[in-house]
Amino acid sequence: TSAMLIYSLVLAIGMGLVMPLLSGLYKVSFKNKYQTEGTVSDLFAYYKQPYFSNIFLFSFLFGLILQLLSFFLEQAIPFFGGILGFVIQGFLGVSFILTIPFIVFGKLPWMEALQASFKIIFKNWFFVFFILLISGIISVLGILFCGIGFLFSYPFLYTTTFILYDEIIGFPSENDDISKIGEA
């Protein structure tokens, strides 16, 4: 059991350290859609403060809590605990999918971003689950059948999350009707 706890801790730390890099895919997606072409340096943009601490804390705690929850459920209820842990991880994973976009685009602290994501996603949880499921299947198929590999298929999930954020929350536009009011 102590080995599993250490494993969970190391995995959570790793998740916390890698997540700012993966969050850079949101910046690349934003720049590709609204500005210029995204660059490799954009992938590392969120290793700076205040983003890094918020992304790290959320990712570390989220990963650690899910790992420990699954571990304890498997110990308490041998067969069904694993299934229950998987269901809980899926529910929470979908519910908090917009947390990091709220941190990077909404500039919210991680706790407020967590709450905002849950409030917004919970309203249309099954729709978002369906979108993420299809996106996940496409990514896995890309890895398995097209042979393009993990590095090329996995970012598709982040692009899907960016599109969800863009469609649900949106970004202020310089060309929207509201900003044109009062212009001569």
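Preceding block: the structure.
Residues numbered from 1 in each chain as written. Predicted model: local features only at pLDDT ≥ 70, side-chain atom pairs only at ≥ 80, totals over all residues. Heavy atoms only, no water.

Draft legend 1. Structural view of the overall build of the protein chain. Across its full length, the protein chain carries nine helices and zero strands. Starting at the N terminus, the α and β elements of the protein chain follow one another as α-α-α-α-α-α-α-α-α. Look at the contacts in the protein chain between residues 6 or more apart in sequence, and 64% of them connect residues 24 or more apart. Per element, the accessible surface of the protein chain, about 11300 Å² overall, is 73% carbon and sulfur. Taking the average location of the 8 positive side-chain charges in the protein chain and that of its 10 negative ones, the two points are 4 Å from each other. (Helix = DSSP H or I, 4+ residues; strand = E, 2+ residues; numbered from the N terminus. Contact = heavy atoms within 4.5 Å. Areas by Shrake-Rupley, 256 points an atom, 1.4 Å probe, with all protein chains shown as cover. Lys, Arg positive; Asp, Glu negative; His and termini not counted. Charge placed at Lys NZ, Arg CZ, Asp CG, Glu CD.)

Draft legend 2. Structural detail: the packing of aromatic side chains. Inspection of every chain in the model, using the stated rule, returns 26 aromatic pairs. On the numbers, 5.4 Å between centres and 35° between planes, the contact of Phe 105 with Tyr 165 is tilted. With Phe 105 in the loop between helix H4 (99-104) and helix H5 (110-123) and Tyr 165 in helix H8 (residues 155-168), this residue pair connects regions lying 60 residues apart in the sequence. Assessed through its relative accessible area of 3%, Tyr 165 is described here as buried. Consider the rings of Phe 118 and Phe 122, whose centres lie 5.3 Å apart with planes at 20°: the pair is stacked. On the criterion of helical spacing, the pair formed by Phe 118 and Phe 122 is a turn pair, its members being four residues apart in helix H5. Judged by its relative accessible area of 29%, Phe 118 is partly exposed. (Phe/Tyr/Trp six-rings, centres within 6.5 Å; stacked < 30°, edge-to-face > 60°. Buried < 20%, exposed > 50% of the residue type's maximum accessible area, 1.4 Å probe, protein only.)

Draft legend 3. Quick look at the nonpolar core. Counting 32 residues, the largest nonpolar core has Tyr 26, Ile 55, Phe 58, Ile 100, Ile 103, Val 104 and Phe 105 as its most contacted members. Secondary-structure elements contributing two or more residues to this core are helix H1 (2-34), helix H2 (51-76), H4, H5, helix H6 (125-144) and H8. For Phe 58, the contacting residues outside a window of four places in its chain are Phe 96, Thr 99, Ile 100, Ile 103, Trp 110 and Leu 114. (Core = buried A, V, L, I, M, F, W, Y, C linked by side-chain atoms within 4.5 Å.)

Draft legend 4. Structural detail: the side chain of Thr 161. Its location among the elements puts Thr 161 in helix H8. For Thr 161, a relative accessible area of 2% corresponds to the buried category. What Thr 161 contacts, discounting residues up to four positions off in sequence, is Tyr 26, Ile 97, Leu 98, Pro 101 and Leu 132.

Draft legend 5. How the structure looks around the pattern of salt bridges. Taken as a whole, this structure holds two salt bridges when the rule is applied. Between Lys 31 and Asp 42 there is a salt bridge; the shortest N-O distance is 3.3 Å. One end of the pair, Lys 31, is in helix H1; the other, Asp 42, is in the loop between H1 and H2, and 11 residues separate them in sequence. With a relative accessible area of 16%, Lys 31 lands in the buried category. With a closest N to O distance of 2.5 Å, Asp 166 and Lys 33 form a salt bridge. Of the two residues, Asp 166 sits in helix H8 while Lys 33 sits in helix H1, which places them 133 residues apart along the sequence. Given a relative accessible area of 9%, Asp 166 falls into the buried group. (Salt bridge = Lys/Arg side-chain N within 4 Å of Asp/Glu carboxyl O.)

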